Amino acid sequence: MMNFDRLRPEAITAPSSGIVSVIDYGRMKPGLVPLWAGEGDLSTPAFISDAAAQSLAAGETFYTWQRGLPELREAIAAYSSRLYGRAIDAERFTVTSSGMHAIQMVLRCIVGTGDEVIVLTPAWPNCAAAAALAGASVREVPLDCSDGGWSLDLDRLRDAIGPRTRALFINTPANPTGWTADRDTLGALLGVAREKGLFIIADEIYGRFFYAGGRAPSFHDVMNDDDPVFFVNSFSKNWAMTGWRAGWIEAPAELGTAFANLVQYSTSGLAAFIQRGAIAAIEKGEPFVEEQVERAHRARDIFIDALAATNRVSIAKPAGAFYSFFAIDGIEDTREAAFRIVDEAGVGLAPGSAFGEAGNRFLRACFHRRLDEVETAANRLAEWIGSRAR
C-alpha cells in the first residue's frame, strides 16, 4: 500500500473549490438558472471556431513556438497598444495555456517556500491556492464594504507588508466584488511596490467589462516599461472562450527566455489550432466584445434592481466585471444558504466563503447571461428572500 505521508503536503492539502461543490450538487436540477460559474452563456463565435477548424484541416497539429505563434504575439501586442494608447512590443508577451497557467508561471518566477503574497479579499481563490502550491503563503487584506460597495484602505495594505512579502496580487475589476481601482489608486499601489521592492501581479482579465464606458483603468496608465508589473490575461471572458484554455503574460521583454523555459517544462506550448482561433478572436472580435459588455450592463441593472427592491439585501451595482456579490439579511452561513437556494429557489449561486474570510457573509451571482434568464433568477431570489421575512 502506498504511504501517502510521503507525498508533498502542498498537493495533498490543496483546498477543494467551494464553488464546484455547489455546482456538482445542483447541476442536474431541472429548470435551475446557473449563476454560479464565472462565465457567460454564449458559445464561442463561429469566426473563431472556424479559424481553429481550418488550422486542424491544414494539419497544424505539431509542436509549436514555446512562447506562442509570432502572429498571435503580434496580434496581442497590437490589440494591447490600441487598448491602452501606448506602444507595447510583442517581445513582452508570452502565450499560455489559460489565464490560470499565466498566474502559475508568474508565481513560479516570483515566490517560493517561505515567501508571501498579499491578496485583496474577497478574492477568486485560485491565486492563493497557486501560491500555496509554490510553497508561499498568502496574507489577505480585506476590502472595506459599505452599502454593498467595496473600497481599498491603502494604509491597511501598507501595514500588511512584511519582510517576507514579495508581491501584490491586484485583480481589478475584481472577481467577485466588482471593485475597480481608479487611476489614482493604481498609481498609489505602484508607488508602494516601488518603495518596498515588491512585484505586482496585475490580473486585469475583466478590464473590458467596465460600465462607465471604454475600458477600466489599468496599470498601463501609470507604469513605465521597466516597472515590476506582470500582467496575466485570458481569452476566456472577452471572446467566450473559457473552454479553450488560452491566455497570456505581459512582462519585461528580458524575461522572455525564462518564460519560454517555464512553458517548456509545464505544457510545452499551446496547440497551434487553438492559437489560430485566438488570432481570429483578437483581430475580428471587437464587435462581439462590445455586444457582450452591453448585454452584461443591462443584466447587471436587472439583477441588482430586483434584489435591492426587497430591502433585505446589501447590494450595489459593481463598476466592473460581471458579478454581484451581495449579503442577505440574517444569513451568515452562505455555503448552507447556497445549497438551500438551489433546492428552494432553483438558482445556482457561489457561496462567499469560497472567496476568503472577508466573503463569508456574501453570495456571488454571475449575471453574464441571457436577460430573460437573469430576470427569472432575480425574481426567484427576491421571492425566496421575501418568504424568509414572513
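Refer to the structure above for everything that follows.
Residues numbered from 1 in each chain as written. Predicted model: local features only at pLDDT ≥ 70, side-chain atom pairs only at ≥ 80, totals over all residues. Heavy atoms only, no water.

1. Remarks on the packing of aromatic side chains
This is how it is decided: Here a Phe, Tyr or Trp ring, Trp counted by its six-membered ring, pairs with any other such ring whose centre lies within 6.5 Å, and the pair is stacked when the planes are under 30 degrees apart, edge-to-face when over 60, and tilted otherwise. Counting from the N terminus, the helices are the DSSP runs of H or I reaching at least four residues and the strands are the DSSP runs of E reaching at least two. Type-normalised accessible area, obtained with a 1.4 Å probe on protein chains alone, sets the label of each residue: buried when under 20%, exposed when over 50%, and partly exposed for intermediate values.
Scanning the model with the defined rule gives 15 aromatic pairs in all. Judged by centre distance (5.6 Å) and plane angle (65°), the ring pair of Tyr79 and Trp239 falls under edge-to-face. With Tyr79 in helix α4 (residues 70-84) and Trp239 in the loop between β9 (229-234) and β10 (247-250), this residue pair connects regions lying 160 residues apart in the sequence. What makes Tyr79 buried here is its relative accessible area of 6%. Judged by its relative accessible area of 1%, Trp239 falls in the buried class. Judged by centre distance (5.7 Å) and plane angle (65°), the rings of Phe199 and Phe230 are edge-to-face. Within this pair, whereas Phe199 is found in strand β8 (residues 199-203), its partner Phe230 is found in strand β9, the two being separated by 31 residues in sequence. Cluster of aromatic residues (ring-pair linked, three or more members): Tyr79, Phe235, Trp239 and Trp248.

2. Thoughts on the nonpolar core
To be explicit about the condition: Remark: nonpolar core denotes a set of buried residues (Ala, Val, Leu, Ile, Met, Phe, Trp, Tyr, Cys) joined through side-chain atoms within 4.5 Å. The criterion used for residue contact is that any of the two residues' heavy atoms lie within 4.5 Å.
One finds Phe219, Phe235, Trp239, Phe303 and Phe326 to be the most contacted residues of the largest nonpolar core, which totals 103 residues. If one sorts the elements of this core by residue count, helix α11 (residues 286-308) sits on top with eight residues. Once residues within four sequence positions are removed from consideration, Phe219 is found in contact with Ile170, Leu186, Leu189, Leu190, Ile200, Ala202, Glu204, Val229 and Phe231.

3. Remarks on the packing of α4 against helix α10 (residues 272-284)
Applied cut-off: The axes are straight lines fitted to the C-alpha atoms, using for helices just the contacting stretch, and the angles between their N-to-C directions are given from 0 to 180°. An angle below 35 degrees is read as roughly parallel, one above 145 as roughly antiparallel, one from 65 to 115 as roughly perpendicular, and any other as oblique. In this scheme the handedness of a crossing depends on how the near helix is turned from the far one: anticlockwise by less than a right angle means left-handed, clockwise means right-handed. Basically, the charged four are Asp, Glu, Lys and Arg, the nonpolar ten are Ala, Val, Leu, Ile, Met, Phe, Trp, Tyr, Cys and Pro, and anything else, Gly included, counts as polar.
Between α4 and α10, whose axes approach to 9 Å, the crossing angle comes to 25°. One element, α4, and the other, α10, form an angle in the roughly parallel class. As for how α4 packs across α10, the hand of that crossing is left-handed. From α4, Glu71, Leu72, Ala75, Ile76, Tyr79 and Arg82 reach across to α10, where they touch Gln275, Arg276, Ala278, Ile279, Ile282 and Glu283. Of the residues contributing to the contact of α4 with α10, the split by class is seven nonpolar, one polar and four charged.

4. Regarding the sheet that holds β10
Condition: One requirement defines pairing of two strands: DSSP has to find at least two bridges between them.
Taken in spatial order, the seven strands line up as β2-β10-β9-β8-β7-β3-β4 in an open sheet, and their pairing is mixed. Each edge of the open sheet is held by one strand with a lone partner, namely β2 (93-96) and β4 (137-142). On average, each strand axis in the sheet is tilted by 20° relative to the strand beside it, whichever way the strands run. The pairing of β9 with β10 spans four bridges and is antiparallel. Its bridge partner lying in β10, Val232 is registered against Ile249. The strands touched by α4 are β2 and β10; relative to β2, the strand with the most contacts, the crossing angle is about 115°.

5. Remarks on the pattern of salt bridges
Rules: Each reported salt bridge corresponds to a side-chain nitrogen of Lys or Arg within 4 Å of a carboxyl oxygen of Asp or Glu.
Applying the stated rule across the entire model yields 23 salt bridges. Residues Arg276 and Glu60 are paired through a salt bridge, measuring 2.9 Å at the closest nitrogen-oxygen approach. Here Arg276 is found in helix α10, whereas its partner Glu60 is found in the loop between α3 (46-57) and α4, with 216 residues between them in sequence. A salt bridge links Glu373 to Arg370, with the shortest nitrogen-to-oxygen separation between them at 4.0 Å. What you see here is one network of salt bridges that share partners, running through Arg300, Asp301, Asp305 and Lys317.

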